[in-house]
Amino acid sequence: MSTFQSGMAPIRAMEDDSDVEEEALVADYKEQVQYEDIDDLDNGNSLSMAQQPDDIQARLAQAALPLDFSAPLEVKFQSYDAYCSLFHYILNSEGPVDLEPPSYYWAWDVIDEFIYQFNSFSTYRARIARQGNNAEEIQLLRENPNTWGCYSVLNVLYSLIQKSQITEQLAAMKRNEEPMTVAGDYGSKNLYKMLGYFSIVGLLRVHCLLGDFSLALKTLDDIELNKKAMFARVMAAHFTTYYYVGFSYMMMRRYGDAIRMFSHILVYVSRTKNFQKSAQYDSITKKNEQMYALIAICIAFQPTRLDDTIHTALREKYGDQLLKLQRGGPESLPIFEELFRTACPKFISPVPPNFDSPEENIDPIEHHLAVFMDEVKTNMWSPTVKSYLRLYTTMDLKKLAGFLEVQPEELRSFLLVNKQRTKQLRWTDGGLLEGDLVNVSDLDYAMQGDLIHISEAKVGRKLVDWYLRNLSRTYA
Amino acid sequence: MNGLETQHERRRPQERPEIIRTIINGLERYNPEAASTLESYLQQQCEEKFCDCNANRALLKLYQLNPDRIKDEAVTNILVKAMTQFPSPQFDLCMHLLAPSHSNPAPASTSELAEAVAKLRVLNTQLEGAQYGRFWATLSADDDDIYADLTTDIAGFEDMIRVRIAQLISQAYREIDVAVLENWLGLDGADEVAKFAVETCGWKVVEDGLVQIPKNAENEARKAEIREDVNVDMFARVIKRSWEEVA
């Protein structure tokens, strides 16, 4: 742990810097912004509550409330300051503060909203830089490069994790020991424990937004993904976790693991949707659709038998697209792009944009999409090749090249690509990044010169499930 | 196959130095000062022919957060090292950590790093797409010596790629034409191919310009039947229930 501590030093120092800036900023704003105007806004009431620094319960509640989407830049800056001072109070008071979280899902809401605002601020800032025509806001953003800065957001999340000793607590729980014995002064308080816990999920999300997919998965090393996990009590947290884990797996070409994650949570949602409070359910509907799109992508890479519910819903939502994806070839590329765009997280750049040359600020989504499409293009002939190979037990390469209307040399590459991609890491136990290299395809082949030997694994009928279902029906 | 396995660079360093472990597992990975340690570790990987992709990504992450610290050669060396791991997502994972202005630059971009990245991306696409002949052609049609410059720091780059290609061939082929092999391994003439096939790979050159590759788990394409594993536990609930109802 000593390394952990010493490692904090530079980041702390940075935070101290930004504290000074913050105060200056706050003073600045008190002059600039006319609060009367803000009272006209929908969230005017809650904002004025936040101005009373002594009403801590109100501030706690405020931190969990969503900021209006169209809030002006000043309000976004203010909101950042409010978070900074709240976290500063929680983290840097003398000893743990004696507060109870307003509700069991409060900590999730705070972390969720904090990251959401960071995300949308970064996106907004990049857009202003790209458009380059709002001189006033450009000036303001240029002067405050550290507001909603990546280092401060990471710093908050890591500090909450560290203060709450949540890593140690989770490790103890894994060993079936009492987490309280390692929780320390802070971590034994509900407020810190919950904030620390959801900060881990928050980090998963932030790393993913920045394009660091393996670090995202590593972040969850201490959390066991199962129904007993703490996040499962808060539906939105449960849902978010699986979305980001699944997405990260997909970007690491672990399609089987990605499908497992998406299916798990989508089945869970479809089974519980009648019990969810409607407001909570609404907020996850969009992510729900996105995960179906991602499943479609993963299925195209790796045909897999899905749970019946998922399969039916997938055909309903993305039937046409799925067909095109599964057919492969150049016609499938626009569909991959379309689905990726609708379903990916709103990627951000970790550093302020270049305000001086607007055209240099490429949307990070385009960047990640382009890298992802490299692999899609490499693989686009696999479905075609596979569909032919299934028909034969031996086949001459030049003949098949004739069928496909490609050069033999080209086909040799397709065959190698397809064969190489059938080996994939699959998780069995331990951290999310762990896994064994397994063969994921039922189709295998080997070349003897230009002769292709093909073998297809036969899948015997699966009867146990059928028997069990019918048996239980008879009993009932 | 053991010959090929040991000659290809080690996937994971057996012993990641303690100081590197500390950096990538703790908060030190965010300390801009850690960059120089990771840079010299990268240098060591380039010289000693091993690759620690996790540590290298930590360095890219530091560059991502502190663009003023970017060292162009370090970025390209990381990409070249990641490329030698083909087929794998390693190169793409590095690309995701680059700034869009380096990986997908605007048309008017004059960044040298962006140009180098674009060049390496072409090579990587060829390796990932199993277009090995084209890969060697691209590498040798290097008029401005750009590829030579980009790979100069990586000891044994071409040999590592060649051995890796041979490994992948052995996982798909039982027999292969010498002409195809020559093209894929970037070698010159049947003699050179025969020498490499026999001495480095332990394969056999048979008549008619054909090379025979020993059987292994991957190049057999054996028929398999996937059966359902049935055990008593699966029926435990039904049995329990029937017992309860009788009682």
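Residues numbered from 1 in each chain as written. Chains lettered and ligands numbered in written order. Predicted model: local features only at pLDDT ≥ 70, side-chain atom pairs only at ≥ 80, totals over all residues. Heavy atoms only, no water.

Identification of chain B as Eukaryotic translation initiation factor 3 subunit K from Bombardia bombarda is taken from an unreviewed UniProt entry. The Subcellular location (unreviewed entry) comment attached to chain B in UniProt states, word for word, "Cytoplasm". Checking UniProt for chain B, the heading Sequence similarities (unreviewed entry) contains the comment "Belongs to the eIF-3 subunit K family." (UniProt positions renumbered as here; feature names shortened; annotations may be inferred.)

The name given to chain A in an unreviewed UniProt entry is Eukaryotic translation initiation factor 3 subunit L, and the organism recorded there is Bombardia bombarda. Among the UniProt annotations of chain A, the heading Subunit (unreviewed entry) holds the following wording: "Component of the eukaryotic translation initiation factor 3 (eIF-3) complex." Reading the Subcellular location (unreviewed entry) entry of the UniProt record for chain A gives the comment "Cytoplasm".

Novice: Would you mind showing me how to read the overall build of chain A here?
Specialist: The number of helices and strands found in chain A is 22 helices and six strands. Counting only residues that meet the buried cut, chain A has 54% of its 476 residues in that class. Considering only intrachain contacts with a sequence separation of at least 6, the fraction spanning at least 24 residues in chain A is 71%. Working note: accessible area of chain A is about 21,800 Å², and carbon and sulfur atoms make up 51% of it. (Helix = DSSP H or I, 4+ residues; strand = E, 2+ residues; numbered from the N terminus. Buried < 20%, exposed > 50% of the residue type's maximum accessible area, 1.4 Å probe, protein only. Contact = heavy atoms within 4.5 Å. Areas by Shrake-Rupley, 256 points an atom, 1.4 Å probe, with all protein chains shown as cover.)

Novice: Whenever I open this one, the overall build of chain B confuses me. Can you help?
Specialist: Helix and strand counts for chain B come out as 14 helices and four strands. Projecting the C-alpha coordinates of chain B onto the three principal axes gives extents of approximately 85 × 60 × 40 Å. A total of 247 residues make up chain B; the buried ones form 52% of that total. For chain B, the proportion of contacts with a sequence separation of at least 24, taken over those separated by at least 6, is 65%. Surface summary for chain B: the accessible area is close to 11,800 Å², and the carbon and sulfur share equals 47%.

Novice: How do you make sense of the packing of helix H12 (residues 178–185) of chain B against helix H13 (residues 190–200) of chain B when you look at a structure like this?
Specialist: Pairs of packed helices are described in terms of their axes, by the angle between the two and the distance that separates them. Residues and elements named next belong to chain B. Where H12 contacts H13, the axes come no closer than 10 Å and their chain directions differ by 80°. Taken together, the axes of H12 and H13 lie roughly perpendicular to each other. Between H12, through Val-178, Leu-181, Glu-182 and Leu-185, and H13, the contact on the second element is made entirely by Ala-190, Val-193 and Phe-196. (Axes fitted to C-alpha atoms, helices over the stretch in contact; angles between N-to-C directions. Parallel < 35°, antiparallel > 145°, perpendicular 65-115°, else oblique.)

Novice: Would you mind showing me how to read the packing of helix H2 (residues 18–25) of chain B against helix H3 (residues 34–48) of chain B here?
Specialist: Residue and element names in this part refer to chain B. Between H2 and H3, the least distance of the axes is 11 Å, while the angle of their chain directions is 130°. By the angle between their directions, the pair H2 and H3 is classed as oblique. Crossing of H2 against H3: the hand is left-handed. Where H2 approaches H3, its residues Ile-19, Ile-20 and Ile-23 are matched on the opposing element by Ala-34, Thr-37, Leu-38 and Tyr-41. Of the residues belonging to the contact of H2 with H3, the class tally is six nonpolar, one polar and no charged. (Left-handed = near helix turned anticlockwise from the far one by under 90°. Nonpolar A, V, L, I, M, F, W, Y, C, P; charged D, E, K, R; others polar.)

Novice: Honestly, the UniProt feature "transmembrane region" (unreviewed entry) in chain A in this entry has me stumped. Any pointers?
Specialist: Per the UniProt entry, the sites bearing "transmembrane region" (unreviewed entry) are residues 195–217 and 229–252 of chain A in this numbering. Regarding residues 195–217 of chain A, the helix share stands at 87% and the strand share at 0%, and the terminal C-alpha atoms are separated by 19 Å.

Novice: How should the nonpolar core be read in this particular structure?
Specialist: Soluble globular proteins tend to pack their nonpolar side chains together in the buried interior. Counting residues in hydrophobic clusters, the biggest one holds 216 residues, and the most contacted among them are A:Phe198, A:Phe247, A:Met250, A:Phe340 and A:Ile452. With 13 residues, helix H11 (residues 190–209) of chain A is the largest single contributor of residues to this core. Each of domain 1 (2–155) and domain 2 (173–222) of chain B accounts for three or more of the residues forming this core. In this structure, A:Phe198 is in contact with A:Ala107, A:Trp108, A:Ile111, A:Phe231, A:Val234 and A:Ala237, ignoring residues within four places of it in sequence. (Core = buried A, V, L, I, M, F, W, Y, C linked by side-chain atoms within 4.5 Å. Domains from an automatic or database assignment.)

Novice: Hey, could you run me through unusual backbone geometry in this one?
Specialist: Outside of glycine, negative phi angles account for most residues, and trans bonds account for most peptide bonds. Backbone torsion omega between B:Phe86 and B:Pro87 reads -15°, so that peptide bond is classified as cis. Tracing the backbone shows B:Pro87 in the loop between helix H5 (72–83) and helix H6 (90–97). Within the chain, A:Trp148 stands out as a residue other than glycine whose phi angle is a positive 50°. In the Ramachandran plot, B:Lys49 falls in the positive-phi region, its phi being about 55° despite a non-glycine side chain. With respect to the helices, strands and loops of the structure, B:Lys49 is situated in the loop between H3 and helix H4 (53–65). Overall, B:Lys49 belongs to the partly exposed group, its relative accessible area being 38%.

Novice: Would you mind showing me how to read the environment of A:Ile310 here?
Specialist: Residues and elements named next belong to chain A. Following the sequence through the fold, Ile-310 ends up in helix H16 (residues 308–327). Relative accessible area serves as the criterion here: at 1%, Ile-310 is assigned to the buried category. Setting aside residues up to four positions removed in sequence, Ile-310 forms contacts with Ser-263, Leu-266, Val-267, Tyr-292 and Ile-295.

Novice: Got a minute to help me understand the interface of chain B and chain A in this structure?
Specialist: Interface size is often expressed as the accessible area that is lost when the parts come together. Taken residue by residue, the interface counts 67 residues in chain B and 68 residues in chain A. Buried surface at the junction of chain B and chain A, summed over both partners, amounts to about 6,000 Å²; 59% is from carbon and sulfur atoms. Contact with chain A buries surface across chain B, with B:Leu27, B:Tyr30 and B:His96 losing the most and accounting together for 13% of the total. Taken together, chain B and chain A are joined by seven salt bridges. With a shortest N-O distance of 3.5 Å, B:Lys61 and A:Asp212 are connected by a salt bridge. (Buried area = accessible area lost by both parts, 1.4 Å probe. Salt bridge = Lys/Arg side-chain N within 4 Å of Asp/Glu carboxyl O.)

Novice: When you look at helix H17 (residues 333–343) of chain A in this model, what are you seeing that I'm missing?
Specialist: Two residues of an α-helix separated by three or four positions point the same way, owing to the 3.6 residues in each turn. Regarding H17(A), the residues found buried are A:Leu333, A:Ile335, A:Phe336, A:Leu339, A:Phe340 and A:Ala343. An end-on view of H17(A) places all buried positions within 160° of arc, on one side of the element. (Arc of directions from axis to C-beta.)

Novice: Please explain the domain arrangement of chain B as it appears in this structure.
Specialist: Under the domain assignment, chain B is made up of domain 1 (2–155) and domain 2 (173–222). Each of domain 1 of chain B and domain 2 of chain B was reduced to a C-alpha centroid, and the two centroids are 30 Å apart.

Novice: Help me understand the side chain of B:Ser170, please; the structure alone is not making it clear to me.
Specialist: Here B:Ser170 shows up in helix H11 (residues 157–170). Polar contacts involving the side chain of B:Ser170 include one to the main-chain carbonyl oxygen of B:Gln167, which spans 2.7 Å. (Polar contact = N/O pair within 3.5 Å; in protein donor to acceptor, adjacent residues only side chain to side chain.)

Novice: What is the right way to look at empty space enclosed by the protein in this model?
Specialist: Over the atoms rolls a probe the size of a water molecule, and its path tells where empty space is left. Inspection of the entire model under this criterion finds four cavities of 30 Å³ or more. Roughly 70 Å³ of internal volume is contained in the second largest cavity. Around the second largest cavity sit A:Met250, A:Met251, A:Arg253, A:Tyr255, A:Val371, A:Phe372, A:Glu375, B:Pro89, B:Asp92 and B:His96, which together line it. Listing elements by their share of the lining of the second largest cavity, those giving two or more residues are helix H13 (235–251) and helix H18 (364–379) of chain A together with H6 of chain B. Among the residues forming the lining of the second largest cavity, the class breakdown is six nonpolar, one polar and three charged. (1 Å grid on protein atoms, 1.4 Å probe; cavity = no way out; pocket = protein on both sides within 12 Å on 5 of 7 lines; lining within 4 Å. Points joined across faces, edges and corners; volume = space filled by probe spheres on them.)

Novice: What am I meant to see in the sheet that holds strand E3 (residues 210–212) of chain B here?
Specialist: Two modes of strand pairing occur in sheets, parallel and antiparallel, and in both the strands are linked by backbone hydrogen bonds. Ordered in space as E1(A)-E5(A)-E4(A)-E1(B)-E3(B)-E2(B), the six strands form an open sheet in which the pairing is mixed. A single partner strand is all that each edge strand has here, and the edge strands are strand E1 (394–396) of chain A together with strand E2 (204–206) of chain B. Going from strand to strand, the sheet's axes swing by 30° on average, the running direction of each strand aside. Note that E1(A) and strand E5 (residues 451–456) of chain A share three bridges and pair antiparallel. Of the residues in E5(A), the one forming a bridge with A:Met395 is A:Ile452. (Pairing = 2+ DSSP bridges.)

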